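Structure at a glance
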Amino acid sequence: MPISIDVFNSGYKPIPNPSGWTAPQQATWPATTATLIAGSTDALLVDALITTTEGERLAAWVQASGKNLSMLYITHGHPDHFFGARPTLAAFPQARFVALPEVVAEAHRSAQALEHWRGWLGGQFDENAAIPTELTSDKLEIDGHAVRPIALGRSDGVINTVVHVPELATVVGGDVAYNNIHMWLFRSTPETRSEWLDTLDALAALRPEKIIAGHRDPGAPDDNAQRILDQSRRYIEDFDKAAARSSSTNDLVTRMMDKYAAYGNPYTLMAAAASQFGT
């Protein structure tokens, strides 16, 4: 039986009363994906969302697949990719909960910075989140099909890894590339934005045909790798130019919305813009 990929999309999550948000629409956390890579009997789940409710929905979705979950792999150490893991681990106690070593270190740091995350989603997530253990091999198999976890470099503030499925010319991309959502450039600098562009180049070097982005608008037209790589590069470059030319948060937001009004989760843009001006 060939290997298959199915994607769970959390949708957008309301953020109650976020600091600095004055727009009439509800502020939200970006839609986030978890991806099931399955063979004939076994499966690997990539990422586990953030809230307890999402985690419960995700666990039920994996159970409904009928597959034996042998591994839950985390692409990077931001809480919105692993704080929601416990319901799935409870449903599949045999599953290994793993990440590459640099991701494990970042997950520990995230778990120790709860006050930061309470400001956005307080009361909605497991404050005693399970932490993945270190995966020391980059050679994995699902029912004889090769999959490969790869550390690519820094993107949205931390080291990001991906899972390459060569047989399907697909990369499950964590937060290296985004799909029709404003990108997380919170507290970014010209140097870190340049690093992110380098990481996108490393992703492109894998020559994927499809990229499953960790943040994907539910209405995104497809998972075409070239489109997603192009839009992610362009967004970072445009933000870099706009930040250099802007004198305030509102100025930067306006410059970006002139080009990216159709993208999901404008709160992400506001937070990123405000961080450029120390507010």
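The coordinates are above.
This write-up is about the structure you can find in this document. (Residues numbered from 1 in each chain as written. Predicted model: local features only at pLDDT ≥ 70, side-chain atom pairs only at ≥ 80, totals over all residues. Heavy atoms only, no water.)

Thoughts on the side chain of Lys67
Operational definition: Numbering of helices and strands runs from the N terminus, with a helix taken as a DSSP run of H or I at least four residues long and a strand as a DSSP run of E at least two residues long. Each residue is assigned to one of three classes by its accessible area relative to the maximum for its type, calculated with a 1.4 Å probe on protein chains only: buried under 20%, partly exposed between the two thresholds, exposed over 50%. Two residue types count as positive, namely Lys and Arg, and two as negative, namely Asp and Glu; His and chain ends fall outside the count. Any carboxyl oxygen of Asp or Glu that lies within 4 Å of a side-chain nitrogen of Lys or Arg is treated as forming a salt bridge with it. Think of a polar contact as two N or O atoms within 3.5 Å of one another; within protein, one of them needs to be a possible hydrogen donor and the other a possible acceptor, and neighboring residues in sequence only count if both atoms come from side chains. In this description, contact between two residues means that some pair of their heavy atoms is separated by no more than 4.5 Å.
Here Lys67 shows up in the loop between α1 (52-64) and β6 (68-73). Asp143 is the oppositely charged side chain nearest to the buried, salt-bridge-free Lys67, at an N-O distance of 6.3 Å. For Lys67, the side chain forms a polar contact with the main-chain oxygen of Gly39, separated by 2.9 Å. Sequence-distant contacts of Lys67, that is, excluding residues within four places in its chain, are made with Met1, Ala38, Gly39, Ser40, Thr41, Ala43 and Phe92.

Observations regarding the pairing of strand β7 (residues 96-99)
Here is the rule: Strand pairing is assigned whenever DSSP detects at least two bridges linking the two strands. Throughout, right-handed denotes a crossover for which the path from the first strand over the helix to the second runs clockwise when the strands point away from the viewer.
Pairing between β6 and β7: three bridges, direction parallel. Paired with Leu72 across the two strands is Phe97, which belongs to β7. As for the winding sense of the linkage, the β-α-β connection from β6 through helix α2 (residues 86-91) to β7 is right-handed. For β7 and strand β8 (residues 133-134), the ladder comprises two bridges, and the chain directions are parallel. When the bridges of β8 are listed, Val98 appears paired with Thr133.

Description of the sheet that holds β7
As a reminder, the rule being used: Only the stretch in contact is used when a helix axis is fitted, and all axes are lines through C-alpha atoms; the angle between N-to-C directions ranges over 0 to 180 degrees.
If you trace the six strands from one edge of the open sheet to the other, you get β1-β4-β5-β6-β7-β8, paired in mixed fashion. Every other strand in the sheet has two partners, leaving β1 (4-9) and β8 as the edge strands with one partner each. Each of β1, β4 (33-38), β5 (42-46) and β6 is contacted by α1, which is oriented at about 155 degrees to β1, the strand it contacts most.

Comments concerning the layout of surface pockets
Rules: Cavities and pockets are found on a 1 Å grid laid over the protein atoms alone: a cavity is a set of points where a 1.4 Å probe fits but cannot escape, a pocket is an open set with protein on both sides within 12 Å along at least five of seven lines, and a lining residue has an atom within 4 Å of such a point. Grid points are joined across faces, edges and corners, and a volume is the space filled by probe spheres set on the points.
Volume-wise, the largest pocket comes out at about 400 Å³. Looking at the lining of the largest pocket, the elements that each hand over two or more residues are α3 (101-111), α4 (114-121) and α5 (190-204).

Comments concerning helix α6 (residues 225-245)
Rules: The length a helix should cover is 1.5 Å for every residue beyond the first.
Between its terminal C-alpha atoms α6 stretches 30 Å, which fits the 30 Å expected from 21 residues at 1.5 Å a residue. Taken together, the buried positions of α6 are Ala225, Ile228, Leu229, Gln231, Ser232, Arg233, Tyr235, Ile236, Asp238, Phe239, Ala242 and Ala243. Of the surrounding elements, those touching the buried residues of α6 are α5, β13 (210-212), α7 (249-260) and α8 (266-275). A distance of 3.2 Å separates the backbone nitrogen of Gln226 from a side-chain oxygen at the start of α6, and that oxygen is part of Asn224.

Some words on the sheet that holds strand β12 (residues 170-172)
Taken together, the five strands give an open sheet; going across it, the order is β9-β10-β11-β12-β13, and neighbouring strands pair in mixed fashion. Each end of this open sheet is capped by a strand with a single partner; those strands are β9 (140-142) and β13. The mean angle between the axes of side-by-side strands here comes to 30 degrees, regardless of whether they run parallel or antiparallel. Across three bridges, β9 lies against strand β10 (residues 145-154) in antiparallel orientation. Bridging from a neighbouring strand, Glu141 pairs with Ala146 of β10. Those strands touched by α5 are β10, β12 and β13, and its axis lies near 160 degrees from that of β10.

What to know about the packing of α7 against α8
Applicable threshold: Angles below 35 degrees are treated as roughly parallel, those above 145 as roughly antiparallel, those between 65 and 115 as roughly perpendicular, and all remaining angles as oblique. Helix crossings fall into two classes, left-handed where the near helix is turned counterclockwise from the far one by less than a right angle and right-handed where it is turned clockwise.
Relative to each other, α7 and α8 sit at 135 degrees, their axes nearing to 8 Å. In terms of axis orientation, α7 runs oblique to α8. Considering the relative orientation of α7 and α8, their crossing is right-handed. Here Thr249, Leu252, Val253, Met256 and Met257 of α7 lie close against α8, whose contacting residues are Leu269, Met270, Ala273 and Ala274.

As for unusual backbone geometry
Despite not being glycine, Ala169 shows a phi value in the positive range, around 50 degrees. Take Ala169: it is sitting in the loop between β11 (159-165) and β12. For Ala169, a relative accessible area of 17% translates into the label buried. Residue Arg187 is not a glycine yet carries a positive backbone phi of 60 degrees. You can see Arg187 is positioned in the loop between β12 and α5. You can call Arg187 exposed: its relative accessible area is 59%.

As for empty space enclosed by the protein
Using a probe with the size of a water molecule, rolled over the atoms, empty space left in the structure can be pinpointed. Heads up, the condition is: Any residue that is not Ala, Val, Leu, Ile, Met, Phe, Trp, Tyr, Cys, Pro, Asp, Glu, Lys or Arg is counted as polar, Gly included; the first ten are nonpolar and the last four charged.
Tallied over the entire structure, the rule returns one cavity of 30 Å³ or more. One number sums up the size of the largest cavity: a volume of about 80 Å³. Along the walls of the largest cavity sit Trp29, Pro30, His78, Asp80, Trp117, Asp156, Asp175, Tyr178, Trp184, His215 and Thr268, which together make up its complete lining. Taken together, the residues that form the lining of the largest cavity break down as five nonpolar, three polar and three charged.

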